[in-house]
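# Inside the fold
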Amino acid sequence: MKLVRGEGVVLESQDEDELVLRVRVSGMAVAPTVVLYPGELEWDCDCEGRQRPCEHIAAVAIALSQGEGDPAELKASGAAGGAIVYRFKSAEHGLQVERFLSGVEGERPLVSSLAALLSQPGEAAKIHPEEPDLRADRVLESRSRGVLAADQLRSLLTILVDCKRAFLDGVPVQISGEEILPHAHLRDEGPDVVLTLAADPRVTRAVSAGVVLCGDTLARLGEIELCGAWLQNLPATRRFSPGALGELKTRVLPDLQTRMKVVVESQKLPRVTRDLAPRIQIELNHIGTGLSALATLVYGEPPCARIDEGRLVHLSGPVPVRDEAAERKLLLKLRDELDLLPGRRVTYQADDATRFAGRLARFRGELRGDAAREVASRYALVPRLLAAETAGASPGGPLRMGFEFTFDVVGAERGGPTGATVEAGAVLRAWESGLGLVPLQGGGFAPLPVAFLEKHGPRLAALLAARDERGHLAAHALPELARLCDELEAPKPAALARLSPVFQAFEKLPPPTLPTDLRATLRPYQQQGVAWLQFLRTTGMGGLLADDMGLGKTLQTLCALPGQGARSLIVCPTSVVHNWRAECEKFRPTLKLNVYHGRDRSLDPQADVTVTSYALLRLDLELLQSQSWDALVLDEAQAIKNPDSQAARAAYALDAGFRLALTGTPVENRLDELWSLMHFANRGLLGGRSAFAEQVERPLIAGDAAAGARLRTRLKPFVLRRLKRDVAPDLPPRTEAVLHVELDEAERAIYDTVRAVAQKDVLSLLEGGRGVMAALEALLRLRQAACHGALVPGQTLAQSSKVERLVDAVGTVAAEGGRSLVFSQWTSLLDLIEPALRDAQIPFCRLDGSTRDRDAVVSRFQAADGPPVMLISLKAGGSGLNLTAADHVFICDPWWNPAVEAQAADRAHRIGQDKPVFVYRLVSVDTVESRILALQERKRALADAALADGGAAAALTREDLLALLAG
């Protein structure tokens, strides 16, 4: 009754089937709605009350009974106002909106938010908003004056759908919930199909961004990206050529039909199929000597559609429904396996064409074009070796063997080439380049015989490299040819049987023919060496005599020289030129000797043996190169260990028949040195320098035992190396020991200061991959500080514990009747040892680079009454000297290369020595010298792997420097 008396019941609408009424309740922003269905005697209320009928239904029933059942009376009596009216006004860039409150006195503007008015008790009773009004209030409360923003306006219209209190420019309008969409139309126009987009014909005009007026109805605009916010993009037309109809049918049209109404009048649209899968098709053509490839992603066989830059191009027949996941897989496979992109033509030349053909052979895809069959064809390669002795070779002279190696092509398909061959060089180049195929001269490709090449490829490459321009094989390669013939069961020329001793132990060589003028009795191992040298000379091969120091390499060489009537050139260090003269006069006195040395030097063309130095080889190369030598001998051949040095290049350039290298240390630092020696003796035996580094040196350094075994097998016929302990059992024993020296406080202070600087400044550079030269300088300073403080720049220390220990030791040896050799790398250290020996009254002589009459110094020491001590610099006296008067050797400053120290010790421990030899290394405790001894042991491994007992060292690496300087 309170609700009725307060005129809270208001009629909203009525028709024959229902009455809709609102019941305004104080404290509720939205009045509950009551619906009566007179014909069915039913009712409903949207309140949340649990009791039915609720108070709102009861109030409606009472209000209707007071109006005697006439709803019109109820409506008039309840028209107290309070509804919200929305008035839209057109502006330049859109719509503005104002809200008004309706009442019995008319409308008044709503100047504040609806929520604020409802919070005022006096105003709340006059306002009767509905749920949409409250939602609209929240949208509008944040707006600024002027035109509504596009998103605000669209939100507001969505809320006010079916609102009966909206006006546009003073005219009542409806608000529709429908989005107005453009109309699409497909029609044929010539060979093309034209798609037209136009505005809905109901649209009167666009009144704001995204909002249109259709007659008396405001509506939101759909598909704005197509139409434009103001319909500025319509009408729009797009033309599809015949090739684009597939894209239209499978992509464009289905997408449009889900968004708007499409009128299809075209008769040209193809049918759609889902039965086709994508595939890769490659067109392969000849471009000169290369290949041209164009990959395409297609559907159907023959193709009915292809994919160009992500778009489907219809070719003929039905249009496939695209499987984009499968397409992506194919494109990834095409990129990863062939490095191709669809639609882009790529041209390949030379090895690139062969490499691409090899990848094609493993790729699953259709090949088309004039080169497709050649790539798809398969042939087999069968090795064929031909070798024959060249007619006219002189009896007993070096062999001249013609050598040819090819691969016969066997067609694996009908129509394959017959009688075709492939040069072995082409096959090897393809294999070394990592190719799987080799191109055939008549077209097509053949797979490489990988198993054959892995077993015989390096040997075959070396044989090919050993041929001259006439196809004759170099003499040093004949043993390899014989082995290859045996392994391939190929016919072997009878002349190769003459080389069978090369494959046997040296003791099975025929006995040597010793010179008739020889004035010496050869030991058994020396006779064996002469037999080997004579065999190499008569077969035209060079060699490396690497016997241990003191075993008589000079004597064996003199026995193997061609003799009278031939010309032999011997190149040696300056320090041993006179030693060769003396040995030659002693053992082969009938040979005419020419010592090409000194300021007044001249060549004697009638001389049997010419002796010169490496220095003069470099200076007078043009003259020496103009001569033809029957034999060329390099003594202390480690002088050409660097292939880039002037000495090495000069030695390579000399014209000689028999080439022989003599050295007790064929490897001092790197295996590259061994390559240089063999490049001189037998060019091509170890292949090219870079190939040797890649295939032999690096694997061997990495610990590949097989690489070392292969190298030893290759070198075995051409390198003879015997150790004193094996072939000279009558040689007195050699004992090696370390004399440890404790530094005093002053010396330790200097050493620790140098070490601290090295650790602080140098180690950081080394760990960063830089500073090698600085590290070597720091290592030098540490070694000097461990020997004598006065060697360090800026220091003036007078005493040295190591010098004192040395003087005591050599004094004791002298007192017992012994003789000593004292070696140092630095003449400055020898300068400091001299006064200490004088103070101790120990006589001595000295040999270094400044010594003028070396022979006189050596003779004086070797004499029975010679001084008990000889001071020698390593560089001047580490090789080529016979100092058997000494039985003690002192090495003052141990070096990381044990070969250098071994050379020094062998000055005394050699043939002719009749006393036991003692070798002492003076090592300062807790210094870098202790770590050098450990490093020496590790460095011997590399040459041991290459030459079994090489007794040499690997190069000083950055890791070695870190180890030496870190402690």
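Our structure's up above, just so we're on the same page.
Described below are features of the structure shown in this document. None of the values given here were measured: they were computed from a predicted structure.

## Some thoughts on the packing of aromatic side chains
Using the criterion set out here, one finds 4 aromatic pairs in the structure. Three or more aromatic residues link up through ring pairs in this structure, and these residues are Phe405, Phe407 and Phe452. Against the face of tryptophan 629 rests arginine 567, its NZ or CZ located 4.4 Å from the ring centre. For the cation-ring pair, arginine 819 lies above phenylalanine 861, with the distance from its terminal atom to the ring centre recorded as 4.8 Å.

## Some thoughts on empty space enclosed by the protein
Tallying each qualifying case throughout the model produces 1 cavity of 30 Å³ or more. Lining the largest cavity we find Ala462, Leu463, Ala466, His476, Ala477, Glu480, Gly684, Leu685 and Arg714.

## Let's talk about the nonpolar core
Counting 73 residues, the largest nonpolar core has Ile640, Met678 and Phe680 as its most contacted members. Top element by residues in this core is helix α22 (residues 671-681). It accounts for 7 residues. For isoleucine 640, the residues in contact, after removing those within four places along its chain, are Tyr614, Leu634, Ala647, Ala648, Ala651, Ser676, Leu677 and Phe680.

## What about unusual backbone geometry?
That bond from arginine 52 to proline 53 is cis: its omega, -10°, falls within 30 degrees of zero. Counting through the fold element by element, proline 53 comes out in the loop between β4 (42-45) and α2 (55-66). Here the amide bond leading from glutamate 301 into proline 302 is cis, since omega sits at 5°, within 30 degrees of zero. Along the polypeptide, proline 302 turns up in the loop between β20 (290-299) and β21 (305-308). Not every positive phi belongs to a glycine, and aspartate 339 is a case in point at roughly 60°. When you line up the elements, aspartate 339 lands in the loop between α10 (324-338) and β24 (345-348). On the basis of relative accessibility, which here comes to 60%, the residue aspartate 339 falls in the exposed class.

## A few points about the side chain of threonine 33
Inspection of the secondary structure assignment puts threonine 33 in strand β3 (residues 33-37). Given the relative accessible area of 19%, threonine 33 is considered buried. In terms of polar contacts, threonine 33 uses its side chain to reach the side chain of arginine 22, at 3.4 Å. Setting aside its immediate chain neighbours within four residues, threonine 33 contacts Val20, Leu21, Arg22, Asp44, Cys45 and Asp46.

## Here's the deal with the packing of helix α6 (residues 131-140) against helix α7 (residues 150-159)
One can describe the packing of α6 onto α7 by two numbers: an axis separation of 9 Å at closest approach and a directional angle of 175°. Between α6 and α7, the angle is such that the two are roughly antiparallel. Contact residues: Pro132, Arg135, Ala136, Val139 and Leu140 in α6; Gln152, Ser155, Leu156 and Ile159 in α7. Class assignment for the residues of the contact of α6 with α7 results in 6 nonpolar, 2 polar and 1 charged.

## Brief notes about the pattern of salt bridges
Per the stated rule, a full pass over the model turns up 43 salt bridges. Where glutamate 179 meets arginine 154, a salt bridge forms, and the shortest distance between an N and an O atom there is 3.2 Å. Within this pair, whereas glutamate 179 is found in strand β10 (residues 174-180), its partner arginine 154 is found in helix α7, the two being separated by 25 residues in sequence. Its salt-bridge partner being aspartate 752, residue arginine 755 comes within 3.3 Å of it at the nearest N-O pair. Taken as a pair, arginine 755 and aspartate 752 lie in helix α26 (residues 745-767) at a separation of 3 residues, close to a single helical turn.

## Things to note about helix α18 (residues 577-587)
For α18, the complete set of buried residues consists of Val577, Trp580, Cys584 and Phe587. Each buried residue of α18 lies within a common arc of 115° when the element is viewed along its axis, so the set occupies one face. On its buried face, α18 sits against α17 (553-560), β33 (568-572), β34 (593-595), β35 (609-613) and β37 (655-662).

## Concerning the packing of helix α13 (residues 424-432) against helix α14 (residues 450-465)
Viewed as axis vectors pointing N to C, α13 and α14 meet at an angle of 125°, and their least axial separation amounts to 10 Å. Put simply, α13 runs oblique to α14. Two packed elements cross with a definite hand, and for α13 against α14 that hand is left-handed. Contacts between α13 and α14 involve Ala424, Gly425, Val427, Leu428, Trp431 and Glu432 from the former and Leu453, Glu454, Gly457, Pro458, Leu460, Ala461 and Leu464 from the latter.

The rules we used
Residues numbered from 1 in each chain as written. Predicted model: local features only at pLDDT ≥ 70, side-chain atom pairs only at ≥ 80, totals over all residues. Heavy atoms only, no water. Phe/Tyr/Trp six-rings, centres within 6.5 Å; stacked < 30°, edge-to-face > 60°. Lys NZ or Arg CZ within 6 Å of the ring centre and 35° of its normal. 1 Å grid on protein atoms, 1.4 Å probe; cavity = no way out; pocket = protein on both sides within 12 Å on 5 of 7 lines; lining within 4 Å. Points joined across faces, edges and corners; volume = space filled by probe spheres on them. Core = buried A, V, L, I, M, F, W, Y, C linked by side-chain atoms within 4.5 Å. Buried < 20%, exposed > 50% of the residue type's maximum accessible area, 1.4 Å probe, protein only. Helix = DSSP H or I, 4+ residues; strand = E, 2+ residues; numbered from the N terminus. Contact = heavy atoms within 4.5 Å. Polar contact = N/O pair within 3.5 Å; in protein donor to acceptor, adjacent residues only side chain to side chain. Axes fitted to C-alpha atoms, helices over the stretch in contact; angles between N-to-C directions. Parallel < 35°, antiparallel > 145°, perpendicular 65-115°, else oblique. Nonpolar A, V, L, I, M, F, W, Y, C, P; charged D, E, K, R; others polar. Salt bridge = Lys/Arg side-chain N within 4 Å of Asp/Glu carboxyl O. Arc of directions from axis to C-beta. Left-handed = near helix turned anticlockwise from the far one by under 90°.

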